[in-house]
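Read off the chains here:
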Amino acid sequence: MQVGISYNNNGNEAMMRRIFVLLLAALTVNMACAQARDTLRVLAIGNSFSEDAVEQYLWEMGQEVGVNFIIGNAYRGGWSLIGHWKDARSLAADTEYRKVADGQRTNLGKYTLRQIITDEPWDVITLQQVSQDAGRTDSYEPGLSLMIGYVKALARVDSVRLGFHQTWAYARDADHQGFANYNRDQMLMYSCITAAVDKAMRYHQGDLSFYIPSGTAIQNARTTLLARNRTDEQSVNRELTRDGYHLNYTIGRYVVACTWFEVLTGRSAIGLKTRPKGLIPEMALVAQRAAHAAVLSPMAVTPM
């Protein structure tokens, strides 16, 4: 009888140990899966306008809500859709690979687009047109179709989501040569950009699953005091730009980062504590609302 009792106890203890090990293993797997879900790998294929959009503030916003962004920017200044395609076809190592990971911003040097696209299992990859041609519908093809095919062929995960970045119109006093394409009229440029992006999205509705309305967010913010507010940055505020077309380092870039945050995470930017140094909470809230309104109504200006 005593032997029987001893045997059963040992058996129970062994079973409990096995159950504990299995539970621990399951917990470890669940934690790993949760960590994987909370990591969002985002690659922008663009130029200085993608630099303005993703290289600052976005990573910090993710940290605030528990999303770990790994952000890549395939950067070539002034480059168009067809320009990126020509680089891809020639295997030219002329694209700067900028990366934001673990809070560190690094320029890894020049690589081929193939190397950048295959460096990470990107969850999201975005494309954009060069700013002066962003409102010229005829400039999108064949570059956009070719780049979509190229990215899809190289992406390391089948579930990668392709999107389009809608850029912004220039300041009314911009001296950019490309502003002449729109009779140097800011609202005409904005309207042309939204129309061109809308057409591209409809044409590629099976491939492009979302777009980021940065241009609308900036235009929304231009209806507020943000367009005239002076911050502690050294550059002037020319309607949220520093030179008439590139965004200024605080408010302009912050508005667009909020827009990317909302589209990528599905969460509202309103109420985020992350903000640029020198931007008071009240102004940050206006910027967040401008971005939020753009996500809700991406093809039309919402007066704030």
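Before reading on, note that the structure itself is shown above.
In this text the structure is predicted, and so the values were computed from the model without any measurement.

Participant: What am I meant to see in the overall build of the chain here?
Facilitator: Helix and strand content of the chain: ten helices and seven strands. Burial analysis of the chain (304 residues in total) assigns 52% to the buried set. Taking contacts inside the chain between residues at least 6 apart in sequence as the whole, the part at least 24 apart equals 70%. Looking at the chain as shown, the accessible area adds up to about 14300 Å², and 54% of this sits on carbon and sulfur atoms.

Participant: Where do I start with the sheet that holds strand β2 (residues 68-75) in this structure?
Facilitator: Strand pairs in the sheet, formed through backbone hydrogen bonds, run parallel or antiparallel to each other. Within the open sheet, the seven strands sit side by side as β4-β3-β2-β1-β5-β6-β7. Their pairing is mixed. Two strands close off the open sheet at either side, each with one partner strand: β4 (104-111) and β7 (208-213). When strand polarity is set aside, the average angle formed by the axes of neighbouring strands in this sheet is 20°. Relative to strand β6 (residues 161-166), strand β5 (residues 124-127) is paired through four bridges, and the arrangement is parallel. In the strand pairing of β6, Ile-125 is matched with Leu-162. On the sheet, helix α8 (residues 214-221) packs against β6 and β7 and is oriented at approximately 20° with respect to β7.

Participant: I keep staring at helix α7 (residues 186-203) and nothing clicks. Help me out?
Facilitator: Helical geometry note: an α-helix holds 3.6 residues per turn, so side chains three or four residues apart project in the same direction. Between its first and last C-alpha, α7 extends 26 Å over 18 residues, near the 26 Å set by a 1.5 Å rise per residue. Listing the buried residues of α7 in full gives Gln-186, Met-189, Tyr-190, Ile-193, Thr-194, Ala-196, Val-197, Ala-200 and Met-201. All buried residues of α7 project into a common sector of 165° when viewed along the axis, lining one side. Counted as exposed and oriented over 90 degrees from the buried face of α7: Arg-202 and Tyr-203. Among the structural elements, α6 (143-154), β6, β7 and α8 are those in contact with the buried residues of α7. For α7, the N-terminal cap is Asp-185; the gap from its side-chain oxygen to the backbone nitrogen of Met-187 is 3.0 Å.

Participant: Hey, could you run me through the pattern of salt bridges in this one?
Facilitator: Pairing between side chains becomes possible if they bear opposite charge and their charged atoms approach one another. Per the stated rule, a full pass over the model turns up 17 salt bridges. Glu-51 is the partner of Arg-98 in a salt bridge, and the nearest nitrogen-oxygen pair spans 3.3 Å. Pair noted here: Arg-98 is in strand β3 (residues 95-101) and Glu-51 is in helix α2 (residues 48-54), with a separation of 47 residues, a long-range link. Residue classification places Glu-51 among the buried positions, given a relative accessible area of 17%. Across the pair Glu-60 and Arg-105 runs a salt bridge whose closest N-O atoms are separated by 2.7 Å. One end of the pair, Glu-60, is in helix α3 (residues 58-65); the other, Arg-105, is in strand β4, with 45 residues separating them in the sequence. Looking at Glu-60, the relative accessible area reads 26%, which means it is partly exposed.

Participant: Looking at this structure, how should I read the packing of α8 against helix α9 (residues 251-265)?
Facilitator: When two helices pack together, you describe them by how their axes are tilted relative to each other and by the distance separating the axes. Running from N to C, α8 and α9 cross one another at 130°; their axes reach a closest spacing of 9 Å. As summarised for this structure, α8 and α9 are arranged oblique, according to the angle between their axes. In this structure, the crossing between α8 and α9 has a hand that is right-handed. Contact residues: α8 offers Ser-214, Ala-217, Ile-218 and Ala-221, while α9 offers Gly-252, Val-255, Val-256, Thr-259 and Trp-260. Classifying every residue of the contact of α8 with α9 gives six nonpolar, three polar and no charged.

Rules used in this analysis
Numbering of residues begins from 1 in every chain and follows the order in which that chain's sequence is written. Thresholds applied to this predicted model are a pLDDT of at least 70 for local features of residues and 80 or more for the giving and counting of side-chain atom pairs; totals over whole chains, interfaces and linings are not thresholded and use all residues. To obtain the side-chain values, all non-hydrogen atoms of the structure were used and water was disregarded. Labels follow the DSSP assignment, with helices taken as runs of H or I lasting at least four residues and strands as runs of E lasting at least two, numbered in each case from the N terminus. Each residue is placed in one exposure class: buried if its accessible area under a 1.4 Å probe, protein chains only, is under 20% of its type's maximum, exposed if it is over 50%, and partly exposed if it falls in between. The criterion used for residue contact is that any of the two residues' heavy atoms lie within 4.5 Å. Under the convention used here, a 1.4 Å probe and the Shrake-Rupley method define accessible areas, while residue burial counts only the protein chains that appear. Whether two strands pair depends on DSSP finding at least two bridges between them. A fitted line through C-alpha atoms represents every axis, and for helices the fit uses only the stretch in contact; the resulting angles, taken between N-to-C directions, go from 0 to 180 degrees. In a helix, the anticipated span is given by 1.5 Å times the number of residues less one. The arc in question is the one traced by the directions running from the helix axis out to the C-beta atoms. Residues adjacent in sequence count toward polar contacts only when both atoms are side-chain atoms; beyond that, a polar contact is any pair of N or O atoms within 3.5 Å, and within protein one must be able to donate a hydrogen and the other to accept it. A pair is scored as a salt bridge if a Lys or Arg side-chain nitrogen falls within 4 Å of a carboxyl oxygen belonging to Asp or Glu. Should an angle fall under 35 degrees it is called roughly parallel, over 145 degrees roughly antiparallel, and 65 to 115 degrees roughly perpendicular, with every other angle called oblique. Here a crossing is called left-handed whenever its near helix is offset anticlockwise from the far helix by less than a right angle, and right-handed whenever the offset is clockwise. Charged means Asp, Glu, Lys or Arg here, nonpolar means Ala, Val, Leu, Ile, Met, Phe, Trp, Tyr, Cys or Pro, and polar covers whatever is left, Gly included.

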